[in-house]
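Next come the chains, spelled out residue by residue.
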Amino acid sequence: VIDAQPLVTAAKKGEDGAVVVFDGIVRNNSRGRQTLHLDYEAYEEMAMKQMNELANNATLRFGVRHVTIVHRLGRLQVGETSILIVVASAHRAQAYEASRWLIDTLKKTVPIWKKETFVDGAVWADGEPFPPGLAVEGANGPTA
Amino acid sequence: LFIMQVRVLPFGVLKDSLGPEPFALDIPRGATVSDLLARLGVEAPAIESLGIAVSVNAEYAERSRVLGENDEIGLLPPVSGGASKTAGRVK
């Protein structure tokens, strides 16, 4: 279970003027179907590398001071936190921008997958298409 | 013919066609990512139409990448981490 408060407290330093927290939670429905629970799995070694890289890139790109990213794996129930992103910065504008960029980029590039179990069956989520250059183009050209 | 062994890690929906566990595979020396996908397409015909990415030793790799002995190859369907899915996307 992700406990937000200690992570937020630990992220704050005297020189910060803002901490932006993104708390991603499991919704009770997806495309009109009622969700029972989700199962997340990851290529853990690669996901850790990718999340570290994202955090470093965000500090360089937006000039924020600190980034914490935590993602849960395994079975999650409706209402539980799947991901927490904490951005600490001298100024709020950079913190908001970095937070948005981090979740948007993570959803397309970090190797984590979600299986959704509904009242009437279970499916692997379609996933977000990879950004250009990451997907291996099909033998007969792009299929998307 | 000279062969080498690589380790294949299927993820997400590809576990349904290739099995849930990592496995070893013998392929010709000098084989590329592309060659490996063609070989795996026998068991997983959808492999070229899912828009997957491939990792070699936990880094994203291109189709033309030449594989080496004992490389660890991740087969990565479009990812779905983070919070709930973008609303309104239709398939």
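Description of the structure in this document. Please read these numbers as outputs of a predicted model, since none were measured by experiment. (Residues numbered from 1 in each chain as written. Chains lettered and ligands numbered in written order. Predicted model: local features only at pLDDT ≥ 70, side-chain atom pairs only at ≥ 80, totals over all residues. Heavy atoms only, no water.)

Time to look at the overall build of chain B. Of regular secondary structure, chain B possesses 2 helices and 5 strands. Overall, the C-alpha framework of chain B stretches about 50 × 25 × 20 Å when taken along its three principal axes. In chain B, which comprises 91 residues, the proportion classed as buried is 47%. Total accessible area on chain B is roughly 4,300 Å²; 55% of this is exposed by carbon and sulfur atoms. The positive charge centre, built from 9 side chains, and the negative charge centre, built from 11, are 7 Å apart in chain B. (Helix = DSSP H or I, 4+ residues; strand = E, 2+ residues; numbered from the N terminus. Buried < 20%, exposed > 50% of the residue type's maximum accessible area, 1.4 Å probe, protein only. Areas by Shrake-Rupley, 256 points an atom, 1.4 Å probe, with all protein chains shown as cover. Lys, Arg positive; Asp, Glu negative; His and termini not counted. Charge placed at Lys NZ, Arg CZ, Asp CG, Glu CD.)

Residues and elements named next belong to chain A. Formed by 26 residues in total, the largest nonpolar core has its most connected members in V67, I69, V87, L102 and L106. Elements that contribute at least two residues to this core include exactly strand 3 (33-42), helix 2 (44-62), strand 4 (66-71), strand 6 (81-89) and helix 3 (92-109). Setting aside residues up to four positions removed in sequence, V87 forms contacts with A18, V19, V20, V64, H66, V67, A95, A98, S99 and L102. (Core = buried A, V, L, I, M, F, W, Y, C linked by side-chain atoms within 4.5 Å. Contact = heavy atoms within 4.5 Å.)

It is worth spelling out the pairing of strand 1 (residues 3-10) of chain B at this point. All names here are of chain B. Relative to strand 2 (residues 23-28), strand 1 is paired through 6 bridges, and the arrangement is antiparallel. What sits directly across from V6, in strand 2, is L25. In this sheet, strand 5 (residues 72-76) lies alongside strand 1 in parallel orientation, the contact comprising 4 bridges. Across the sheet, R7 pairs through a bridge with E72, a residue of strand 5. (Pairing = 2+ DSSP bridges.)

This part covers the packing of aromatic side chains. For any pair of aromatic rings, geometry is given as the distance between the ring centres together with the angle between the planes. The tally for this structure, following the rule as stated, stands at 4 aromatic pairs over all chains. Ring centres 6.0 Å apart and planes at 75° place the aromatic pair F130 of chain A and Y60 of chain B in the edge-to-face group. Note that F130 of chain A is positioned in the segment after strand 8 (121-124) and Y60 of chain B in strand 4 (residues 59-61), a pairing that runs across two chains. In this structure, F130 of chain A and Y60 of chain B share a single accessibility class: buried. Here the aromatic cluster, defined as three or more aromatic residues joined through ring pairs, consists of Y43 and W113 of chain A together with F11 of chain B. (Phe/Tyr/Trp six-rings, centres within 6.5 Å; stacked < 30°, edge-to-face > 60°.)

Our next topic: helix 2 of chain A. Residues and elements named next belong to chain A. Here helix 2 is 19 residues long and its end C-alpha atoms lie 27 Å apart, about the 27 Å a rise of 1.5 Å per residue gives. Turning to helix 2, its buried residues number three or more, namely M46, A47, Q50, M51, L54, A55, A58 and F62. G63, located one to two residues past helix 2, shows a positive phi value of around 70°. (Expected span 1.5 Å × (residues − 1).)

Bringing the interface of chain B and chain A into the picture now. Every contact between the two is made by 37 residues of chain B and, on the other side, 41 residues of chain A. In total, about 3,400 Å² of surface goes out of reach between chain B and chain A, with carbon and sulfur atoms giving 53% of it. In this assembly, chain B and chain A are joined by 2 salt bridges. One can count 15 residue pairs in polar contact (both at pLDDT 80 or more) joining chain B with chain A. Listing elements by their share of the side of chain B that touches chain A, those giving two or more residues are helix 1 (14-18), helix 2 (33-40), strand 3 (53-56), strand 4 and strand 5 of chain B. (Buried area = accessible area lost by both parts, 1.4 Å probe. Salt bridge = Lys/Arg side-chain N within 4 Å of Asp/Glu carboxyl O. Polar contact = N/O pair within 3.5 Å; in protein donor to acceptor, adjacent residues only side chain to side chain.)

Those residues of helix 2 of chain B lying buried are V33, L36, L37 and L40 of chain B. For helix 2 of chain B, the angular spread of the buried residues around the axis is 100°, confining them to a single face. (Arc of directions from axis to C-beta.)

On to the side chain of T117 of chain A, then. Residue and element names in this part refer to chain A. In this structure, T117 sits in strand 7 (residues 112-118). Classification of T117 by relative accessible area gives buried; the value is 16%. Non-local contacts of T117, meaning those with residues more than four positions away in its chain, are made with Q34, T35, L36, H37, D39 and A122.

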